[in-house]
Amino acid sequence: MLRSELYKQQMSVIKARAKILPLSVAVLIVFCAMVTAVLAEEGGGHFQLHGDVVPIEKDGIHDPTNDAVKTLQPPATAMKEFPRDARGIINWVETLDRELIKPRTGLT
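Residues numbered from 1 in each chain as written. Predicted model: local features only at pLDDT ≥ 70, side-chain atom pairs only at ≥ 80, totals over all residues. Heavy atoms only, no water.

Caption draft 1: Representation of the side chain of T95. Counting through the fold element by element, T95 comes out in helix 3 (residues 92–97). Not counting chain neighbours up to four residues away, the residues in contact with T95 comprise F82, P83, I90, L100 and I101. (Helix = DSSP H or I, 4+ residues; strand = E, 2+ residues; numbered from the N terminus. Contact = heavy atoms within 4.5 Å.)

Caption draft 2: The arrangement of the pattern of salt bridges in detail. A complete count under the given rule lists two salt bridges for this structure. Between D67 and K70 there is a salt bridge, and its shortest N-O distance comes to 3.5 Å. Residue classification places D67 among the exposed positions, given a relative accessible area of 57%. The partner of R98 in a salt bridge is E94, with the nearest N and O atoms 2.6 Å apart. By relative accessible area, R98 is classed as partly exposed at 47%. (Salt bridge = Lys/Arg side-chain N within 4 Å of Asp/Glu carboxyl O. Buried < 20%, exposed > 50% of the residue type's maximum accessible area, 1.4 Å probe, protein only.)

Honestly, that's just the spatial picture; any functional story needs more than this.
And the structure:
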């Protein structure tokens with residue numbers, strides 16, 4: 001195959017890909033927007049979001065058959081004043097900086 005023919009063939013492939021690229025990017029952008037909208041509508045599935053109050057015995061973390069779940073303070077009440085980011089998730093660094101919580105340095 002001559003060099004000029006190979007060049008022409010490569011250029012036609014490049015041109016075809018160049019036509020497809022904007023469409024591919026547009027499809028990707030639409031897909032990302034749809035996923036973002038679904039997650040935002042469903043609260044992102046994150047338990048810390050505003051308005052998402054799950055009783056302790058139904059949170060999937062604590063044993064609902066344990067009597068201690070009745071004595072625990074609900075997280076929504078305990079963390080109500082904690083600073084949150086733009087998505088509504090607790091900003092733990094700012095919470096620490098404001099000294100709203102004081103983690104222990106050890107187990108005792």
